Amino acid sequence: MWKKMMMGAAMSLALVVAGCGSDSDKADAGSSDKKYKITISNSVEEDSALHKGLMEFKEVAEEKSDGRLQVEVFSNGELYASEREAIEAVQAGNIQAASPATAPLTNFVKEFMALDFLFVFDDVEDANSKLDGELGNILNSKLEENQLKGLGWGSAGMTQMTNNVKPIETVEDFKGLKLRTMENNIHLDSLKALGANPQPYAFGELYSALQQNIFDGMQTTGQLIESSKVYEVQDYMTIMNHSFTAEALVMNKAFYDSLPEDLQKVVDEAGAAFTKHEREVSVEMDTAAMELLGDTLKVNTLPEETKQEIIEKLKPVYDKYEKEIGSDLMGLVRE
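Quick caveat: nothing in here was measured; it's all calculated off a predicted structure.

A closer look at the nonpolar core
Line of reasoning, step 1. Among the nonpolar cores identified, the biggest contains 53 residues, and Phe-112, Phe-117, Phe-119, Phe-174 and Ile-310 are the most heavily contacted of them.
Line of reasoning, step 2. Among the elements that line this core, the one with the most residues is helix 12 (residues 304–325), at 7 residues.
Line of reasoning, step 3. Setting aside residues up to four positions removed in sequence, Phe-119 forms contacts with Met-240, Asn-241, His-242, Leu-302, Lys-307, Ile-310, Ile-311 and Tyr-318.
Line of reasoning, step 4. One finds Ile-40, Val-60, Val-266 and Ala-270 within the second-largest nonpolar core, a separate group that totals 24 residues.

Structural notes on the layout of surface pockets
Line of reasoning, step 1. One number sums up the size of the second largest pocket: a volume of about 410 Å³.
Line of reasoning, step 2. For the second largest pocket, the lining is made up of 20 residues, of which Phe-119, Val-120, Asp-122, Lys-307 and Ile-311 are closest to its centre.
Line of reasoning, step 3. Among the elements of the structure, helix 5 (124–131), helix 12 and helix 13 (327–334) are those that each provide at least two residues to the lining of the second largest pocket.
Line of reasoning, step 4. Of all the elements, helix 12 adds the most residues to the lining of the second largest pocket, at 5 residues.
Line of reasoning, step 5. For the lining of the second largest pocket, the residue count by class is 10 nonpolar, 2 polar and 8 charged.

Notes on empty space enclosed by the protein
Line of reasoning, step 1. According to the stated counting rule, one finds 1 cavity of 30 Å³ or more in the structure shown.
Line of reasoning, step 2. Each pocket or cavity is described by its volume, and for the largest cavity that value is around 40 Å³.
Line of reasoning, step 3. Residue lining of the largest cavity: Ser-41, Asn-42, Ser-43, Tyr-80, Glu-83, Ala-86, Ala-98, Ser-99 and Pro-100, and that is the complete set.
Line of reasoning, step 4. A per-class count over the lining of the largest cavity returns 4 nonpolar, 4 polar and 1 charged.

Conventions used here
- Residues numbered from 1 in each chain as written.
- Predicted model: local features only at pLDDT ≥ 70, side-chain atom pairs only at ≥ 80, totals over all residues.
- Heavy atoms only, no water.
- Core = buried A, V, L, I, M, F, W, Y, C linked by side-chain atoms within 4.5 Å.
- Buried < 20%, exposed > 50% of the residue type's maximum accessible area, 1.4 Å probe, protein only.
- Helix = DSSP H or I, 4+ residues; strand = E, 2+ residues; numbered from the N terminus.
- Contact = heavy atoms within 4.5 Å.
- 1 Å grid on protein atoms, 1.4 Å probe; cavity = no way out; pocket = protein on both sides within 12 Å on 5 of 7 lines; lining within 4 Å.
- Points joined across faces, edges and corners; volume = space filled by probe spheres on them.
- Nonpolar A, V, L, I, M, F, W, Y, C, P; charged D, E, K, R; others polar.

Okay, here's the thing in structure tokens:
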């Protein structure tokens, strides 16, 4: 009798446990169907390599997650005209991701200044390889310390110089040139060290400023010189390849961490797809832009001896900012 009672109690307990397990399994199954919305802010136009890279991210993320990730890309500065505002929105969790140029990120992670020095990258391939290696790993770790998750690195290409005064052949040719630049202290200090008169100015208003001779010239990538039609109000272009314009795809870290592990893996794969596709399109667009500019502007290439002289003049600028970003990181850039 006692044995029968014990066996009955054990069977009842087993049924209860089994029932609980079933409910848990159902809950887990239900959570695997949960959908996650990813809103991405992009400040540049829809025919840019960056937008095309983001659309690749969307396609891969939605396909590999079977629709559990739903991605919306807002380009042309539709959500935030300022990249700084977009980064702040990602940090605050108001949106899930943004694709700013790396220069505005220096306002949040000072180590990103390492990418702003002149003549530290030989070409786009060299810059990309460094971002894919130890340099990029360090910058991604610094992003995570600031509530951001790095998902990929885009490229807008190498920077060239245009102006309406003369071709730049020597260091002396910089003297007195009124040059528009980004609100970037390293670029400002570097151009001042060369004798130019640089000033930050909104890129969207640059065409009319050049037309009205507020500035003699400017610096940006071949793609942007072409797409903004700046070449219509400039006479000369010097191929300098003096700085690299990188773009980062960043996500709110808390949002990324909240995703199930399988979806984190999908986001990582989509970020890698973004990087690969954006870079491929960027090279194609930059090549086409430089061909067009060669037909419309008086183009020269900066002489190698002038480049070396510029590098010597900029050493105090490198030393000044090395104290801020650290010798280890600066050593990677110098290499």
